[in-house]
Amino acid sequence: MATYCLTVARLQEVNQEVYNFLSSAGAKYGVGFWKPGSGIIHQIILENYAYPGVMLIGTDSHTPNGGGLGAICIGVGGADAVDVMAGIPWELKCPKVIGVRLTGTLSGWTSPKDIILKVAGILTVKGGTGAIVEYHGPGVDSISCTGMATICNMGAEIGATTSVFPYNHRMRTYLEKTGRGEIAAVADQYKDLLVPDEGCEYDQIIELNLDELKPHINGPFTPDLAHPVSEVGAVAKKNGWPLEVKVGLIGSCTNSSYEDMGRAASLAKQALDKGLKCKAQFTVTPGSEQIRATIERDGYSKILSDVGGVVLANACGPCIGQWDRRDVKKGEKNTIVTSFNRNFTARNDANPATHAFVTSPEIVTALAIAGTLDFNPETDYLTTPTGEKFKLVPPTGDELPARDFDPGQDTYQHPPSDGVSLTVDVSPQSNRLQLLEPFDKWSGNDLENMVVLIKVKGKCTTDHISAAGPWLKFRGHLDNISNNMLIGAVNSENDAVNKIKNHLTGDYGGVPDVARHYKANGMSWVVVGDDNYGEGSSREHAALEPRHLGGRAIIVKSFARIHETNLKKQGLLPLTFSNPSDYDKIRPDDKISIKGLKSFAPGKPLSAVVTHSDGSQETLELNHSFNETQIEWFQAGSALNRMKQLQH
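Given the structure is predicted, the values throughout are model-derived calculations rather than measurements. (Residues numbered from 1 in each chain as written. Predicted model: local features only at pLDDT ≥ 70, side-chain atom pairs only at ≥ 80, totals over all residues. Heavy atoms only, no water.)

## As for the UniProt feature "domain: Aconitase A/isopropylmalate dehydratase small subunit swivel" (unreviewed entry) in the protein
Mapped onto the present numbering, the UniProt feature "domain: Aconitase A/isopropylmalate dehydratase small subunit swivel" (unreviewed entry) falls on residues 451-579. Note that residues 451-579 is 27% helix and 19% strand, and that its end C-alpha atoms are spaced 21 Å apart. (UniProt positions renumbered as here; feature names shortened; annotations may be inferred. Helix = DSSP H or I, 4+ residues; strand = E, 2+ residues; numbered from the N terminus.)

## Description of helix 19 (residues 628-636)
When helix 19 is considered as a whole, its buried residues turn out to be Gln-630, Ile-631, Trp-633, Phe-634 and Ala-636. Lining the buried residues of helix 19 we find helix 4 (78-85), helix 18 (561-569), strand 23 (573-577) and helix 20 (639-647). At the N-terminal boundary of helix 19, the capping side chain belongs to Asn-627, with an oxygen 3.2 Å from the backbone nitrogen of Thr-629. (Buried < 20%, exposed > 50% of the residue type's maximum accessible area, 1.4 Å probe, protein only. Contact = heavy atoms within 4.5 Å. Polar contact = N/O pair within 3.5 Å; in protein donor to acceptor, adjacent residues only side chain to side chain.)

## Some details on the side chain of Arg-432
By the element assignment, Arg-432 lies in the loop between strand 17 (412-413) and strand 18 (447-455). There is no salt bridge for the buried Arg-432, and the closest opposite charge comes from Glu-17, which lies 5.0 Å off by N-O distance. Here Lys-473 takes part through its backbone oxygen, which lies 2.4 Å from a polar atom of the side chain of Arg-432. When neighbours within four sequence positions are excluded, Arg-432 is seen to be in contact with Val-14, Asn-15, Glu-17, Val-18, Lys-473, Gly-476 and His-477. (Lys, Arg positive; Asp, Glu negative; His and termini not counted. Salt bridge = Lys/Arg side-chain N within 4 Å of Asp/Glu carboxyl O.)

## Considerations on the domain arrangement of the protein
Taken domain by domain, the protein consists of domain 1 (41-214), domain 2 (226-377) and domain 3 (447-646). Of the residues lining the interface, six residues belong to domain 2; the matching set on domain 3 comes to eleven residues. For the pairing of domain 2 and domain 3, the buried interface totals around 650 Å² over both sides, and the portion due to carbon and sulfur atoms is 53%. When the area that domain 2 buries against domain 3 is broken down by residue, the three leading residues are Ile-320, Arg-342 and Phe-344, summing to 62%. The tally of links from domain 2 across to domain 3 stands at one salt bridge. (Domains from an automatic or database assignment. Buried area = accessible area lost by both parts, 1.4 Å probe.)

## What about the pattern of salt bridges?
Within the structure shown, the criterion is met by 34 salt bridges. One salt bridge in this structure joins Asp-306 and Lys-302, with 2.8 Å as the shortest N-O distance. Of this pair, Asp-306 and Lys-302 both sit in helix 12 (residues 300-306), four residues apart, which is roughly one turn of the helix. Overall, the relative accessible area of 56% leaves Lys-302 in the exposed class. Among the salt bridges present, the one from Glu-535 reaches Lys-459, with a minimum N-O distance of 3.1 Å. Note that Glu-535 is positioned in the loop between strand 21 (525-528) and helix 17 (541-548) and Lys-459 in the loop between strand 18 and helix 14 (462-465), a separation of 76 residues in sequence. With relative accessibility at 31%, the residue Lys-459 sits in the partly exposed group. Linked by salt bridges that have partners in common, Asp-80, Asp-83 and Lys-569 make up one network.

## Observations regarding the sheet that holds strand 23
A barrel is described by the order of its strands in space; here seven strands give the closed sequence 18-21-22-23-26-25-24, paired in mixed fashion. Strand-to-strand twist of the sheet, defined as the mean angle between neighbouring strand axes without regard to direction, takes the value 40°. (Pairing = 2+ DSSP bridges. Axes fitted to C-alpha atoms, helices over the stretch in contact; angles between N-to-C directions.)

## What to know about the confidence of the model for the protein
The predicted model of the protein averages 95 in pLDDT, with 99% of residues at 70 or higher. With pLDDT under 50 throughout, residues 1-6 is counted as low confidence; its partners more than four residues away or in other chains account for 20 contacts. (pLDDT = per-residue confidence, 0-100.)

## Notes on the environment of Gly-78
Inspection of the secondary structure puts Gly-78 in helix 4. With relative accessibility at 18%, the residue Gly-78 sits in the buried group. Remark: the alpha-carbon pair of Gly-78 and Lys-126, spanning 48 residues in sequence, is separated by 22 Å. Discounting residues that sit within four places of it in the chain, Gly-78 has contacts with Thr-59 and Glu-540.

## Structural notes on the sheet that holds strand 5 (residues 131-136)
What the four strands build is an open sheet, ordered 6-5-4-7; its pairing is parallel. Edge strands, defined here as strands with exactly one partner in the open sheet, are strand 6 (162-164) and strand 7 (204-209). If you compare each strand with its neighbour and ignore which way they point, the axes differ by 20° on average. Two strands pair when backbone bridges link them, and strand 5 and strand 6 are joined in this way by three bridges, in the parallel orientation. Bridged to Val-133 within strand 6 is Ser-163. Running over the sheet, helix 5 (residues 112-123) touches strand 4 (96-103), strand 5 and strand 7 and is turned about 135° from strand 7.

Put into structure tokens, the structure is as follows:
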């Protein structure tokens, strides 16, 4: 299990040029730099920057983690953040508001994670699209501040713009414990402004009674397939999902709070006291250096290690595929349970046969001890080495450390007072870092006779479009990382992954290879996709790569919010079928022309003239959500190109 992670020292050695770039860029432009080992950015934000009433944007879909402190924190693409840093206003289509009214009290095996797992089951992965989720009601006070953060963090899995909780005493205590008592005092002074307005109305209301809520486990392959823990075993048997739990993984940005670790450790301690260790492999990922240092000081790390766990680096780790997994072969069917937020196919370990389930750290720990998915800790018994039967007592854990947090190592680099004379460190010979070149401008004409690179079948997340895991080392080098473009998408023509027909040669090849061949021969292309295209991480490379390799338009039934904006920023045309059934009319060997670009205007549909291989044609109406500014991005070739034009 030691192979699961690299030490921070090893990471610094392997990634030194990347860290040098980030450090030098921060110094030059007056931005602080959190060094390797600091932790996951969402936890850094919660511990240091978020506060009630603040509005923040961040370049990750789980930025809404800050909603646990009553903050409006919204995930965006990197280009949106560039706009804000350049002093350009950030814009967002006015969202709807979904209200989740909580009554009752959390207790026993039920945790904050179960609230969002239940909500995900109700709303599905796209039910929150275009909406802010606002939690309210008397049940809120039974949830810790970090528990609220867990719920808001995973709101990304229902497509929500963000999620937020009203300010209360749990937030105040957390602010005080993290050295921000002055902010807590101000928040108390204005608390009437940090709660729902009296008589406010919601576009949709969901009622949840926490007294009746049961522990949940969601999956496999999608975070909205919700099951009560008491029923998942029977469902697994019916569907042929492996019952043996190979690995349990706790932590990540979603569930690595002091309370989470304490509750998991309370279960581990019960098992140890009875002579038991985990039957499954077990990993622990602290979300920050502060959490790592504090749980080590207070003995949680030792308990979790003694029960069979391995404490990993303060990083995303297996949650985003940074997992050198060796206990199963690729293609081997198996089950893992995690306290992460996402469980898309092959996300954690690059194995499409891994059945990943998302649940609370407590349930992960219990299932890792039992070793089987059909174990219900509320009713089922474990057997000790001596044959004694016993039940786990419901988990307990302090919300916050009695002795305050241990900050651990100082990993923050303050910016210099004046960095103008400094240079940003990027080697021209690097295969990890590459300076961007401007994309070409719109020609002024309609886009004619573009080939269909791939017609995607079914779910296509940003993980399918731009895989994470080992590819992340190339995220600073656009040309190299473009070799993963759409390699996880299913081709409707043959139900294969990364196998499409090159219509210039007649041969089949990988998606990036065929795209590069088209680009080299001056042929533009489009992608055709299904519903909620671009769901998942705010991974900007999923928009940069198609643009870099010659893509011009992405035509789908519907988009996930962040990905749609990312595509616009890079000068691509994200378009939706006016009639979703028109998706079925597109054939893999079609040529598509986009008409109406000379009169491109907000609210005015474009059209696609589709020419089939038999010479027949049909015209389809395509909708878009471009406003006037975004149309200027398209015409300039990208948002960055437009920014440069405005400087002159």
